[in-house]
Each structure stands twice: as C-alpha cells, then as structure tokens.
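Chain by chain, the residues:
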Amino acid sequence: MPVNDQSLTPNVLKTDVMRHLTFTLGKDAPHASLYDWRMALSYAIRDRIMEPWFASTRRTWEEDRKRVYYLSMEFLIGRILEDATINLGLHEMAERTMAELGQDFKAIVGDEPDAALGNGGLGRLAACFMESMATLGCPAYGYGIRYEHGLFRQRFEGGQQVETPEDWLSQRNPWEFDRPEATYIVGFKGHVETRDGREVWVPAETVKASAHDTPVVGWQGRWANTLRLWGAEPTTLFDLERFNRGDYTAAAEPETLARTLSRVLYPDDTTYQGKELRLKQEFFLTSAALQDILRRFKSGHGDLRALSRHVAIQMNDTHPAIAGPELIRLLVDEHGLSFDEALPVAQECLGYTNHTLLPEALERWATFTFGNVLPRHMQIVERIDGWHRRTFPARPHYVGIVKHHEVRMGELAFIMSHKVNGVSALHTDLVKANLFPELDRLHPEKIVNQTNGVTPRRWLKMANAPLARLIGETIGEGWEDDLDRLKGLEPHVKDQGFLGAFDAAKRQNKVTLSNWLGAECGVKVSPDALFDVQVKRIHEYKRQLLNILETVARWQAIRANPDAGWVPRVKIFGGKSAPGYAVAKEIIHLINDVAAVINADPLVGDLLKVIYPANYNVSMAERLVPAADLSEQISTAGKEASGTGNMKFMMNGAPTIGTLDGANVEILQEVGRENFFLFGLTAEEVMKRREDPDHARKAIEASQIMQNVLQAIAEGQFSPGQADRYHGLVHRVWHHDYFLVASDFDAYLAAQAEVDAAYKDRARWLTMAALNTARSGFFSSDRTIRGYMKEIWGVESALQD
Ligand code: 26W
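The shown structure was predicted, so the numbers you read here are calculated from the model rather than taken from an experiment. (Residues numbered from 1 in each chain as written. Predicted model: local features only at pLDDT ≥ 70, side-chain atom pairs only at ≥ 80, totals over all residues. Heavy atoms only, no water.)

### Things to note about the UniProt feature "modified residue: N6-(pyridoxal phosphate)lysine" (unreviewed entry) in the chain
Here is step 1: Per the UniProt entry, the sites bearing "modified residue: N6-(pyridoxal phosphate)lysine" (unreviewed entry) are Lys 648 in this numbering.
Here is step 2: Checked against the element boundaries, Lys 648 lands in helix H24 (residues 645-651).
Here is step 3: The exposure class assigned to Lys 648 is buried, which follows from its relative accessible area of 8%. (UniProt positions renumbered as here; feature names shortened; annotations may be inferred. Helix = DSSP H or I, 4+ residues; strand = E, 2+ residues; numbered from the N terminus. Buried < 20%, exposed > 50% of the residue type's maximum accessible area, 1.4 Å probe, protein only.)

### Some thoughts on the pairing of strand E1 (residues 67-71)
Here is step 1: Most of E1 sits out of view: five of its five residues are buried.
Here is step 2: Summarising the sheet, E1 and strand E12 (residues 311-316) pair through five bridges and their orientation is parallel. Bridge pairing links Tyr 70 to Gln 314 in E12.
Here is step 3: Where E1 lies against strand E4 (residues 140-145), four bridges are found, and the strand directions are parallel. Bridged to Tyr 69 within E4 is Tyr 141. (Pairing = 2+ DSSP bridges.)

### Thoughts on the packing of aromatic side chains
Here is step 1: Inspection of the entire model under this criterion finds 25 aromatic pairs.
Here is step 2: With a centroid separation of 5.8 Å and 75° between ring planes, the pair formed by Tyr 70 and Phe 129 is classed as edge-to-face. Highlighted residues: Tyr 70 in strand E1 and Phe 129 in helix H6 (residues 121-136), separated in sequence by 59 residues. Per residue, the accessibility class of Tyr 70 equals that of Phe 129, and both read buried.
Here is step 3: Arranged with centres 5.0 Å apart and planes meeting at 75°, the rings of Tyr 759 and Trp 765 form a pair that is edge-to-face. As far as burial versus exposure is concerned, Tyr 759 and Trp 765 are alike and both buried.
Here is step 4: If you follow Arg 67 out to its NZ or CZ, it ends over the ring of Trp 61, 4.8 Å from the centre.
Here is step 5: Directly above the aromatic system of Tyr 759 lies the positively charged group of Arg 762, at a separation of 4.7 Å from the ring centroid. (Phe/Tyr/Trp six-rings, centres within 6.5 Å; stacked < 30°, edge-to-face > 60°. Lys NZ or Arg CZ within 6 Å of the ring centre and 35° of its normal.)

This is the structure:
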C-alpha cells in the first residue's frame, strides 16, 4: 500500500476521527475527554493499518511463504499510537488534524498507557524485532501472553521502592482484536495412558487459550504482521464432570487456574524461582502457539514432515523451551508421526536465543514439578535425552537434559534446536566456552552470533525529532530503514555549522527533559550541565553501586575544592528492582539517600545533582535517551549479555563510559577508541581477580578516595536518622564484592575525569557525540533480523527492493 495515501487528506483524517468519536465512542465533541480523543484518533489510525495488514496476510498465503514464529514470554512494547502514525507517514498530518480539532497531539499520545508486558532487555528486544520484521517484510507472528497486569509500577517512599499493580487494561485497548474463533485447549497434570500401543495424555486440568491480535506495522506501511497474545479462560468441560461427581471444590479449580494464568507478568529478570505457576504460564503460551502453528500449516499443506520448509520457530530464551517436547507430542500423539520422524522435524523448525549467562537465571525445573505438571512431556524429555546420549557419545562425561533430579531447560533448548545464538560477539564466545562447552564440541556449527539491535524508527525518528530532522536535512531521507546511511554524517562532523546544529538539537532535548524533571521530581537542573544517565533494571552486576559511589566521591571532591573548575553534572538514574531482590532495593535506597543530601547542599549547588525519577519504563526511556550526554554501561565484564540501551544512547549521540562487556565491545569497535570512555577489567581479568579472596580489601586499601566514600556512607552521612543503615552494604563491598566494584573504582574515576576534560572542549565533545550517531548504523535491529532470516530461519523478505 502506498504510504502517503493521497486519499487520506487531513480532511479525511479529521472526518475519521470525528466519526469514531461520535459512533465508536458515543461522545459529542464538546464533552469529549482527552481519553475520548485518544481513542478516536487511535481508531482512525488503526483503520489505516488494516489494508497493509490484510494484504500482507493474503500475500503470505498466496505465495505460500515460510513464516517466522517468535515465541516470547515478554513483549515490552510501550506506547503504540505515535509509533504507528510515524510508520504510516501520518505523523505531521495527525498533529495538524488534532490541532485543528483544538486538541494537543503530544498530550494525546502521552495519555496512552505503556504496554509493559516485559521486564527489560529481553522483552524490549522482542518488541524491536516485531517492528523490524514488519519493516523488512518478513512474514511473522509474535506469540506471547496477554497479561492483565504488566510490570509493576514503582514509587519511592522514604527513598525505598514500593510496588503497585500495573493496570493497562483498565482502559479499553484500541489496538487489539479479540479472536474468539482462535481458541485452543491447554492441559496440565493428570496421567499418561497407553491405548492401542500409543501414549495418551489425560490432563487433570484444562484451560482455554484465546487469541488477541495486535497488528504491527512496519516502516512506511509496506508490511504488517501480527502479535498474537493469549488470554486464559476457563473451560467448562471438566468442571461439569467433576461437579456431577459432587466434587465441587475441584470443579472450581479450572476457573481459578485460568484466571491466574494470564493475570500477571513475573517481575523477576535474572533470578529464576521454580514456581509451578510460571511453568504453567510457559506451557500455556507454548502449547497454544504450537497448536495454532500446526492448524495454520494443516490448512494449507498435508505432510507434517515438511513442516520446517514452511515454519521457523524462535524461542526467546528458555522460557518457551517446552516447545521441543510439546511439538514432538503434538506430532506423535495427535498427528500420528513416529518419535523418530517427529524429532528431526522439531529440531529443524526450532531456534533458541540465549540472553544470559548468570547461573541464577538459568531455568531448571525439579523433575518432580515438571513430571507433575507435564507428565507426558517428562517422558518425551527422557526419550530426547536418551536419543542424544546414544547418538552423540560424549567424553569425559555426558551433559544431559535431566541431571540431579532437574530438567535443564538450556540443554533441552540446545538439543532441540538447529541453531542456538548469543546476542553479542563476546556473549556468544562465552556461551560456547562457559555455558555449553560440551554441547558445543558435539555440535560445532550450532552456536552462532546475532548481535542485538534496536529499531531506529522508535528510538531515533520518533524519540528524537530534533536530531532526526537534522539528519534528514544533512543526508536526505531514507536513513530510517537503511541505517548505515548515517555514515554520510561523518564528513559533516568537521563542519562547524553542522556541529552547532547537532549541539542545538541535543540542547533542545535537554531543555525538554529538565522541564519534565522539574515537574516530575521537583528538582531544577540546568540544561548546561552534563547529563549522565544510567537507566536499566537494578542489579548488582550492572553496578549502579559503582556509579553512586563515584557520585559520592565527586561530591566530596567538589566540597573540598569548589573552585576547581568543575563541569556541572546531573546524574540521572532510572530502573526497577525485582520485588524480592533485597540487595538491589538497598542500592535504590542508597541512591535516593545520596540524592537527598547532595541536592540540598548549597556548597555544591548546580555543580552536582542526582535525580532518580520513579517508574522507569519505555516511555521514560524515550525522554531520557535523546537528552543524554553520557551513557553509563558499566557492568562487570562478562555479565551483560549484550545490552540494548547502550545502542539507543549511541544512536542519539551520547558517548559511552563503559567496560568491555556485551555489545559495548562492538560499539567501541564501530565508534573508535577515541570516542568511547573505556575502563575496567576485562572478562578474563575479572575471573583471575576473583581467585584472590582478598581482592576487595586490597583495592580499597589502595584507594584513599574509595575509603573516604565508604566511610561517609558507613558513618551515616546519607542516613542521618539511622547511622547503621548501610553497614551491611559497606561490609559486603569490603569483604565480598563479587561484582568487583572496588577493583574497578579507581579506573572508573579516571574515566569520569576524562569525560569532564572532553566535555570542556566543546568541539571535541560534539565531534565525539556526532560520530556516535554517525557510526551507529550497525545497531539497527533491521541488521539483526536480516541475520536471523539468513542464518537461522531461512526466510526471505516478501518485499522487493
Ligand atoms: C526466569 C527468570 C528470568 C527472566 C528473564 C531469567 C532471565 C531473563 C532474561 C533472559 C533477562 C534478560 O532480559 N536478559 C537481557 O537480554 C537482553 C536482550 O538480549 C540483553 O541485551 C541483556 O544484556 C540481557 O541482560
């Protein structure tokens, strides 16, 4: 469909908005609220997605194209309205139309709640991938769960995190279409019977998975795919049977189970807890998706042995790793294939992406729980394990799926996939060397790398209009879906006029952000200060602690010598902690305590401010990233699989201060050493350093500055009412410090001093910043998806260039 559809003049859009306001919302304009206007505009814009959506589905059928199925427990989408208007090329028109109707477009798009069906990196990556697959004309479905409550909302009380439930569906969701005709039964528990020599699973509990579809439109509306989210509903079938038997309590069980299954997103990233409900959620998503995939395949083809020619299924981490056994079960038990036929079919369809090396994040289910919830799958897992053990005899010892009474989902996903991928070059090396060394030796071609990326439509075009405009004026249009063209900015970096304009765009974003921060947090910050931003989940390995300790050191140094020509800084933190992660919550408390003391210190004034706006989410990232001067990517080397925030900051012209971790390594390579503030131990050095049990004490004793910082905290300078509040924390840094905050402290301080020096030299700083944008083309998720299409999925674009 042509994007700048001539038939859609502003007048037509206005008529559409008014028609929806009147007939869909039942509202008279003088009485319409912001919500009503948002709904009316959303429906009017949504209407424009239908044609490309239908056309894409039709073409995929007609041309019998291979489809990608992206299975993910999380899709961290954020707001949809503005993104859709941008991709449809209707942004300016929508702005103008709403103004003519007396409405503020910015306020309207800002009224939309974030779809926060994810925790962090993994969920946001899935959302970027959906957008890139649509942009590239890759026929694809995303499959996930329609959580009633997404990630909790965060508030601070006395500086401490308090969680409240998120409620995005309390208002009508204009983007989804219920598909009551697309429902599947998903079973749990029960037992396995042998009938006529075949195994038959008789579940004791069943729920109905019912589909809710959201169209995802790509750049310029050339293609649209479907995000299909499953909601759980009770089945009545078994209730009645039980009810008739007089088993009334059990009769109510299916309804309770159904209600809880799609009720809430697990708010844990990185720590896995073997909770039965979580396993049920994972199976619910996976089984419904696979049944849907097989139904679609069967409606066009006969022979299931040809499945992998038409179907590629990607498992986003191990959360849907039950897909291996479930696909075998469906093929064998329901469609009559033999196990030996079904196994290779499943393997050829499946791919597995690993997103973490942290041992505590690796899913392992007690065989007791697994066998209880999924008795038939337990049998199949053992059969797979036996097959693998016999087919690939290993030395010195076999690393199997079932070990020490646990089912290891990583090994299961690995064995059941034809390709396994890491998410950055370094991470993939570590997956090979540390996570699956034995399996890698047995299957040397299986592990491949696909470095993450982010969509430049949302993260540059939409979030950073001033810079996007400058890019368009400088290198012309067309960079949005061909991000390597940003290289064309490089020659202009020597031009004072261009640098001035680059500076002005950044400044405009900083002014907008300071106004918002003033209103949101009640702290006034000067847009002339250096905006130093660390936003991401709070985790020890991400080392927000290192950042706040450096902040204290800076504060002490400014107080000792206020006239030393300091570069004014605003330290901005953002992020949530898992509700049960006590150490991360303590770090949040400390940041807020430090902020309160520093922000009230008249000696320091504008030279240092610390701000931590509560409830960091996708929409807040869209405000912070374009206004950042400095991107904090300071994880302990070897721990951050990739990072994707690092790429967003780079694109938006913020140089990185960071360690050699995750995709930082590739950012450094692209941008050049002189445009990156590198510090810290390497992954290898980290492992060596840990061998010395005294590493922390030695590092602290060698650093007077670090001692002063820890002493101030231990003394209660930031917790005046409770001097011992941080004794535990300080003690851990001295004596444990697994994430090597102490060992990297001095190097981090030195890198921060380099940042100050570079920032003072305006020409140098602006050149660095502009080069970060110019050299960020590699980090478009379009490049990532092209890699998956070619090397993992074997799928071609349906769009000719
Ligand atoms: C079962 C508990 C659980 C839940 C989520 C364990 C682990 C996870 C995710 C795998 C954590 C995650 O989001 N990982 C992040 O994935 C991003 C996208 O690839 C990477 O950029 C981040 O580095 C990685 O931490």
